[in-house]
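Descriptive analysis of the structure
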Amino acid sequence: MKIGIIAGSGLYDIKNFNLFEEVSLDTPFGQPSSPYKIGEIGNKQVIFLARHGPSHTIPPHKINYRANIWGLKTLGVERIIAINAVGGINRLLTPGDIVLPDQIIDFTFGYRCSTFYEDDKVVHVDFTYPYCSEIQNSIYETTKKTGINVTPKGTYICVNGPRLESAKEIKFFASIGADIVGMTAMPEAILARELEICFGALCIVTNYAAGIVEQKLTTVEVLNTMKKSAEKIKIIISEVLNYIPLIRKCPCKDALKDAQL
Ligand code: HPA
């Protein structure tokens, strides 16, 4: 079992991550954001990818999501855990909290290339449950065992960015059931599904979403909260591999079955 971790930069210094090699790939869709860092945690193979590039220079709307996911598939990854910074819409959430989302609302639709099937094949992949429940349950088990507090469910609304939202947009997003807002879950989640890779996520609430509190939103705040939460994320990542079942029983592995015209 190989696990891919898609994260911002700065998470590779996980104590028990043993780096073997860095691999730069070219894909039919162009170049991934960064070289893949291939190594082991315990005796489990792990491949890290810095979504925004090695020095965090690629904004969310410019990420080559297809190349990133294709590269992970090429390297044999069957399961992905994505780490996302998000704004908290649900008033029960405060900066520093961790949410394990179970649903997605896609507001990037039409702006980002969100399929591998554009030309000769017509494929409609089931996306009723965008996140792999086996992975999300494994992360939840890990957090219970390690005493890290998380919100086990939540709806992630994905916006195109790079600007942040207006207060009324956030009010609207709350009214349609969104708990957290971010810029990177889509199309990552659907592209993984189209390649029958399980996709789970850990979302760190880095700030109150616009208008939730009367305070200007800053990128500095987002980065500072992310840094403060890094330790918790590292603990979860280094432990979660012990909880993810070796054999996949989830529907993700058969996502293409009966999906093609
Ligand atoms: N909005 C959108 N994306 C984000 C936010 C936000 O408030 N915080 C971190 N990523």
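Here the structure is a predicted model, which means the values were calculated and not measured.

1. Comments concerning the overall build of the protein
Counting secondary structure elements, the protein contains 5 helices and 10 strands. For the protein, whose C-alpha radius of gyration is 17 Å, the value lies close to the compact-globule estimate of 18 Å for 261 residues. Principal-axis analysis of the C-alpha atoms gives the protein an extent of 45 × 45 × 35 Å. A buried classification covers 52% of the 261 residues belonging to the protein. When contacts within the protein are restricted to residue pairs at least 6 apart in sequence, those whose partners lie at least 24 apart make up 81%. Of the roughly 12,300 Å² of accessible surface on the protein, 53% is carried by carbon and sulfur atoms.

2. Brief notes about the site of the ligand
A85, V86, G87, L164, E165, V181, G182, M183, T206 and N207 make up every residue found near the ligand. Interatomic distance of 3.3 Å between a backbone N/O atom of G87 and a nitrogen atom of the ligand. Contacts to the ligand include E165, whose side-chain N or O atom sits 2.8 Å from a nitrogen atom. Out of a free accessible area of 260 Å², the ligand has 94% covered by protein chains. Mapping the ligand onto the cavity grids shows that it belongs to the largest pocket.

3. Observations concerning a nonpolar patch on the surface
Among the surface-exposed residues, F107, F172 and I176 lie close enough to one another that they form a single nonpolar patch of about 260 Å² accessible area. With respect to the helices and strands, F107 occurs in the loop between β7 (103-106) and α2 (133-146). Given the relative accessible area of 37%, F107 is considered partly exposed.

Conventions used here
- Residues numbered from 1 in each chain as written.
- Predicted model: local features only at pLDDT ≥ 70, side-chain atom pairs only at ≥ 80, totals over all residues.
- Heavy atoms only, no water.
- Helix = DSSP H or I, 4+ residues; strand = E, 2+ residues; numbered from the N terminus.
- Rg over C-alpha atoms; globule rule 2.2 N^0.38 Å.
- Buried < 20%, exposed > 50% of the residue type's maximum accessible area, 1.4 Å probe, protein only.
- Contact = heavy atoms within 4.5 Å.
- Areas by Shrake-Rupley, 256 points an atom, 1.4 Å probe, with all protein chains shown as cover.
- Near = heavy atom within 4 Å.
- Polar contact = N/O pair within 3.5 Å; in protein donor to acceptor, adjacent residues only side chain to side chain.
- 1 Å grid on protein atoms, 1.4 Å probe; cavity = no way out; pocket = protein on both sides within 12 Å on 5 of 7 lines; lining within 4 Å.
- Sits in = over half its atoms within 2 Å of the grid points.
- Patch = residues over 30% accessible without salt bridge, like charges linked within 9 Å, V, L, I, M, F, W, Y side chains within 5 Å.
- Salt bridge = Lys/Arg side-chain N within 4 Å of Asp/Glu carboxyl O.

Geometry only, nothing functional implied.
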